[in-house]
Amino acid sequence: MLSDRINLTAKDILEKEFKISMRGYNQDEVDRFLDLIIKDYETFHQIIEQLQQENTRLKSQLQEAQKRQPSQTGTTNFDILQRLSNLEKHVFGSKLYDLNP
């Protein structure tokens, strides 16, 4: 899945060898920089694995919650407002609609 989109692994970077030329880069400096890149790759890989596991866990929890929750098909905001209005009429009676102070 993820490995299909990544070109280099930490091992690829570690094992990469460059040709040496007359005016080449300082080999120790390049090695230190590549070591930093390798550490970052390893850290990114760990974070991605953790996030994928968490994503799978949360999807599973969501599916379980959806199975346990009774479906409320047909309930709309209008239905809720109508029920609230009926409740207000029952609780407050004519006082709610009495316009005379």
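First, a word on scope: everything that follows refers to the structure included in this document. (Residues numbered from 1 in each chain as written. Predicted model: local features only at pLDDT ≥ 70, side-chain atom pairs only at ≥ 80, totals over all residues. Heavy atoms only, no water.)

Here we look at the overall build of the chain
Here is step 1: Helix and strand counts for the chain stand at three helices and zero strands.
Here is step 2: When the helices and strands of the chain are placed in sequence order, the string is α-α-α.
Here is step 3: Among the 101 residues that make up the chain, the fraction classed as buried is 4%.
Here is step 4: Split by element, the accessible area of the chain, about 10,200 Å² in all, is 54% carbon and sulfur. (Helix = DSSP H or I, 4+ residues; strand = E, 2+ residues; numbered from the N terminus. Buried < 20%, exposed > 50% of the residue type's maximum accessible area, 1.4 Å probe, protein only. Areas by Shrake-Rupley, 256 points an atom, 1.4 Å probe, with all protein chains shown as cover.)

Examining the environment of Asp12
Here is step 1: Mapping Asp12 onto the fold places it in helix 1 (residues 10-15).
Here is step 2: The spacing of Asp12 and Ile38 is 26 residues in sequence and 9.1 Å in space, taken between C-alpha atoms.

Describing the pattern of salt bridges
Here is step 1: Inspection of the entire model under this criterion finds two salt bridges.
Here is step 2: Put simply, Arg57 and Glu54 hold a salt bridge, and the shortest N to O gap is 4.0 Å. Pair noted here: Arg57 and Glu54 are both in helix 2 (residues 27-68), with a separation of three residues, about one helical turn.
Here is step 3: Taking the shortest distance from any N to any O, the salt bridge between Lys67 and Glu64 comes out at 3.8 Å. Taken together, the residues span about one helical turn, with Lys67 and Glu64 both in helix 2 at a distance of three residues. (Salt bridge = Lys/Arg side-chain N within 4 Å of Asp/Glu carboxyl O.)

Re a nonpolar patch on the surface
Here is step 1: Together, Leu81, Leu84, Leu87, Val91 and Phe92 make up an exposed nonpolar region whose accessible area comes to about 500 Å².
Here is step 2: By the element assignment, Leu84 lies in helix 3 (residues 77-92).
Here is step 3: Taking the relative accessible area as the measure of exposure, Leu84 reaches 42% and is therefore partly exposed. (Patch = residues over 30% accessible without salt bridge, like charges linked within 9 Å, V, L, I, M, F, W, Y side chains within 5 Å.)

What about helix 3?
Here is step 1: With 16 residues, helix 3 extends 22 Å from end C-alpha to end C-alpha; this agrees with the ideal 22 Å at 1.5 Å per step.
Here is step 2: Phi for Gly93, located one or two positions after helix 3, is positive at around 60°. (Expected span 1.5 Å × (residues − 1).)

Describing helix 2
Here is step 1: When the terminal C-alpha atoms of helix 2 are compared, their 61 Å separation across 42 residues agrees well with the 62 Å that a helix rising 1.5 Å per residue should span.
Here is step 2: One side-chain oxygen of the residue at the start of helix 2 lies 2.9 Å from the amide nitrogen of Asp28, identifying that residue as Asn26. (Polar contact = N/O pair within 3.5 Å; in protein donor to acceptor, adjacent residues only side chain to side chain.)

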